Amino acid sequence: MNDNYEALIDFVTLLQQERKSPSGELFGQNGEYLIPLRNQLASAEDDENELAEIILDWAEGYPEIEARLNDTDWIQVRCDMLEAGKEPPPKDPTADRDRVSNKMMVAEIDKTRESTQSQSS
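We now turn to the structure provided with this report. On a predicted model such as this, the values are computed, not experimentally measured, just so you know.

Looking only at helices and strands, the chain features seven helices and zero strands. Counting from the amino terminus, the chain carries its helices and strands in the arrangement α-α-α-α-α-α-α. The buried share of the chain, reckoned over its 121 residues, is 37%. Long-range pairs, those at least 24 residues apart, make up 68% of the contacts in the chain between residues at least 6 apart in sequence. Accessible area for the chain stands at about 7,000 Å²; split by element, carbon and sulfur atoms hold 46% of it.

Glancing now at the packing of aromatic side chains. Two numbers describe a pair of aromatic rings. These are the distance of the centres and the angle of the planes. On inspection of all chains with the given rule, the structure shows five aromatic pairs. Relative to W58, the ring of F27 lies with its centre 6.2 Å away and its plane at 25°, an arrangement referred to as stacked. Here W58 lies in helix α3 (residues 48-60) and F27 lies in the loop between α1 (3-20) and α2 (34-42), a separation of 31 residues in the sequence. Note on F27: relative accessible area 0%, which makes it buried. Aromatic pair Y33 and Y62: ring centres 4.7 Å apart, planes at 25°, arrangement stacked.

Moving on: the pattern of salt bridges. In total, this model carries two salt bridges according to the counting rule given. Here R68 and E18 are joined by a salt bridge, their closest N and O atoms 4.0 Å apart. Taken together, the residues R68 in helix α4 (residues 63-71) and E18 in helix α1 connect sequence positions 50 residues apart. The class for R68 is partly exposed, based on a relative accessible area of 29%. In this structure E18 comes out as buried when scored by relative accessible area, which is 3%.

Our focus in this paragraph is helix α5 (residues 74-83). Considered for burial, the residues of α5 that qualify are W74, V77, R78 and M81. The buried residues of α5 occupy an angular sector of 95° when projected down its axis, which confines them to one face. Counted as exposed and oriented over 90 degrees from the buried face of α5: I75, L82 and E83. Packing partners of the buried residues in α5 comprise α1 and α4. At the exit of α5 stands G85, carrying a positive phi of roughly 80°.

Conventions and cut-offs
- Residues numbered from 1 in each chain as written.
- Predicted model: local features only at pLDDT ≥ 70, side-chain atom pairs only at ≥ 80, totals over all residues.
- Heavy atoms only, no water.
- Helix = DSSP H or I, 4+ residues; strand = E, 2+ residues; numbered from the N terminus.
- Buried < 20%, exposed > 50% of the residue type's maximum accessible area, 1.4 Å probe, protein only.
- Contact = heavy atoms within 4.5 Å.
- Areas by Shrake-Rupley, 256 points an atom, 1.4 Å probe, with all protein chains shown as cover.
- Phe/Tyr/Trp six-rings, centres within 6.5 Å; stacked < 30°, edge-to-face > 60°.
- Salt bridge = Lys/Arg side-chain N within 4 Å of Asp/Glu carboxyl O.
- Arc of directions from axis to C-beta.

Here it is in C-alpha cells:
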C-alpha cells in the first residue's frame, strides 16, 4: 500500500471519528478549518496522489490536525472500529471516489456542525 493511499484512508478515518466526537472541535468551531480544504478539493482531479498531497499540505497549517494524522496508529483505530461494529473507510479508495476525495464528507461535517449549532441556539 502506498503512502498516499494510506494518507487518504487515514484522513477519512479521522473525519469519521471527529464527526461522531462529542466535542468535535478538531476542525474548528462548525468545521471552519475544513472550508479551505473543501475549496481546494473541489477543483482537484480524482487522483489519489494529488488528493493526498492537498490534504497533507492543508494539514500542515493546523498543527493539532497534523499531529493527530501523524501520531495516531490508524490501522489500530480501524481494527477497533471493526471490533465495535462500526464500518471503517473503504479498502479501495477508487471504489468510492466522492468519499475518498472527501468532498461529500467535508460537506456533511459542515452541515452537521451547522445543524448542531442551530439546535443549541
